[in-house]
Amino acid sequence: MLQPEGRVVLVSGASRGIGAAVARHLLGLGYRVSLGARRPETLAEVTADAPTERVHHARFEALEPASHAAWIEAAQAQFGRIDGLINNAGILARGTIETVDEATLDLAWAVNVKAPLNLIRLTLPALRRAGHGRIVNIASLSGKRVRNDLVAYSMTKFAMLALTHSARRLAWDDGVRVTALCPGFTRTDLVADVASIAAAEMTAPEDLAALVGTLLALPDEAAVAELHVNCRLEDRF
Ligand SMILES: NC(=O)c1ccc[n+]([C@@H]2O[C@H](COP(=O)([O-])OP(=O)(O)OC[C@H]3O[C@@H](n4cnc5c(N)ncnc54)[C@H](OP(=O)(O)O)[C@@H]3O)[C@@H](O)[C@H]2O)c1
């Protein structure tokens, strides 16, 4: 297994929810982390208990590609290397085929697909240099099967699966391993108004964080392309 010490992992959307849980877990394991959030001041609470020399905060606004490049540059300046990228920031786009508007479609595509693609493009040179680079895309079971009418969300998460497999092919020979982590309902603000399942029956963000920790530690020869996480019975995934 790969050891955390000295390795640097970037987490997008680390202000709350799954991203915050992943950031805390990786810090607990001993990783150095660079966290991206649209309001970096929200990260202070996430890293309050961590040693400052292992923490970097940056502004990351998915809709502003210039902020992506500035974040990656600042993380490299701070730590001198990048070993992992967790593409976590995402939004739940509402609307069915009949009701979804153009602005919602464009926003979901920009945040859930284009920004993760750009972060992969920007970090790949460093991940290749690292020798055992790792990318975890927080996709969704909504990227594997359609079980609701939120068409824009499903479309973007299916696209994230395609992005994952494309990245796997591109950088495999350089030791970069890429995983689509596909949870179902997870207890965060994103699904706070869901009534069909009780919050207590949803997956805990901390359990997904533990899976991310395992994915980062697995050697090149134990790569996991997709990891499907169930909080309730699914037919196939
Ligand atoms: N919760 C679930 O049931 C579930 C299930 C499957 C997959 N997922 C996926 O897991 C990921 C994390 O979701 P979550 O449940 O933790 O949701 P969440 O609690 O709503 O957190 C979303 C995160 O994304 C960030 N974000 C949203 N728009 C952004 C933008 N334009 N630029 C930069 N950051 C932005 C948010 O930042 P702010 O704090 O600034 O808003 C926040 O940090 C998402 O990709 C989601 O699709 C969630």
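Residues numbered from 1 in each chain as written. Predicted model: local features only at pLDDT ≥ 70, side-chain atom pairs only at ≥ 80, totals over all residues.

## Notes on the site of the ligand
Move 1: The environment of the ligand is made up of 27 residues, and the closest members are Gly 13, Gly 17, Ala 62, Gly 90 and Thr 188.
Move 2: Ranked by residues supplied to the shell around the ligand, first place goes to helix α1 (residues 17–29) with three residues.
Move 3: Each residue belonging to the shell around the ligand can be placed in one class, and the counts come to 13 nonpolar, nine polar and five charged. (Near = placed C-beta within 6 Å. Helix = DSSP H or I, 4+ residues; strand = E, 2+ residues; numbered from the N terminus. Nonpolar A, V, L, I, M, F, W, Y, C, P; charged D, E, K, R; others polar.)

## Description of the pairing of strand β2 (residues 32–37)
Move 1: Here β2 lies mainly inside the structure; six of its six residues are buried.
Move 2: Pairing analysis gives five bridges linking strand β1 (residues 8–12) to β2, with the strands arranged parallel. If you follow Val 8 over to β2, its bridge partner there is Arg 32.
Move 3: The β-α-β motif built from β1, the intervening α1 and the parallel element β2 has right-handed crossover chirality.
Move 4: Inspection of the sheet shows β2 paired to strand β3 (residues 55–59) by five bridges, in the parallel sense. The residue of β3 that forms the bridge with Gly 36 is Ala 58. (Buried ≥ 20, exposed ≤ 12 C-beta atoms within 10 Å, placed from the backbone. Pairing = 2+ DSSP bridges. Right-handed = clockwise from strand over helix to strand, strands pointing away.)

## Re helix α3 (residues 65–79)
Move 1: Taking 1.5 Å as the rise per residue, α3 with 15 residues should run 21 Å; its terminal C-alpha atoms sit 22 Å apart, in good agreement.
Move 2: Three or more residues of α3 are buried, namely His 68, Trp 71, Ile 72, Ala 75 and Phe 79. In an axial view of α3, the angular spread of the buried residues amounts to 95°, which keeps them on one side of the axis. Exposed side of α3, more than 90 degrees from the buried face: Ala 66, Glu 73 and Ala 77 are the residues found there. (Expected span 1.5 Å × (residues − 1). Arc of directions from axis to C-beta.)

## Notes on the sheet that holds β3
Hydrogen bonds along the backbone pair up the strands of a sheet, which may run parallel or antiparallel.
Move 1: Taken together, the seven strands give an open sheet; going across it, the order is β3-β2-β1-β4-β5-β6-β7, and neighbouring strands pair in parallel fashion. Edge positions in the open sheet fall to β3 and β7 (226–229), since each of these has one partner strand only. Here the strands of the sheet are splayed against their neighbours by 15° on average, with no regard to which way each runs.
Move 2: Packed on one face of the sheet, α1 meets β1, β2, β4 (84–87) and β5 (134–138) and runs near 165° to β1. (Axes fitted to C-alpha atoms, helices over the stretch in contact; angles between N-to-C directions. Contact = placed C-beta atoms within 7 Å.)

## Things to note about helix α6 (residues 205–217)
Move 1: In a regular helix each residue adds 1.5 Å, so 13 residues correspond to 18 Å; α6 covers 19 Å between its end C-alpha atoms and thus fits that length.
Move 2: For α6, the secondary structure elements touched by its buried residues are β1, α1, β4, β5, β6 (177–183) and β7.

## Concerning the nonpolar core
Move 1: Val 9, Val 11, Val 22, Ala 23, Leu 35, Ile 86 and Val 212 are the most contacted members of the largest nonpolar core, which totals 60 residues.
Move 2: The element best represented in this core is helix α4 (residues 102–130), accounting for eight residues.
Move 3: Once residues lying within four places of it in the same chain are set aside, the contact partners of Ile 86 are Val 9, Leu 10, Val 11, Ser 12, Val 22, Val 136, Ile 138 and Val 212. (Core = buried A, V, L, I, M, F, W, Y, C linked by C-beta atoms within 7 Å.)

## Thoughts on the environment of Ala 77
Move 1: Relative to the assigned elements, Ala 77 resides in helix α3.
Move 2: For Ala 77, a count of 9 C-beta atoms within 10 Å corresponds to the exposed category.
Move 3: Through-space distance from the C-alpha of Ala 77 to that of Leu 2 is 24 Å; in sequence the pair is 75 residues apart.

## Topic: the packing of α3 against α4
Move 1: Contact geometry of α3 with α4 gives a least axis separation of 10 Å together with a crossing angle of 30°. Overall, the two elements α3 and α4 adopt an arrangement that is roughly parallel. You can see that α3 and α4 cross each other, and the crossing is right-handed. Here Pro 65, His 68, Ala 69, Ile 72 and Gln 76 of α3 lie close against α4, whose contacting residues are Ala 115, Asn 118, Leu 119, Leu 122, Thr 123 and Ala 126.
Move 2: Here the residues of the contact of α3 with α4 sort into seven nonpolar, four polar and no charged. (Parallel < 35°, antiparallel > 145°, perpendicular 65-115°, else oblique. Left-handed = near helix turned anticlockwise from the far one by under 90°.)

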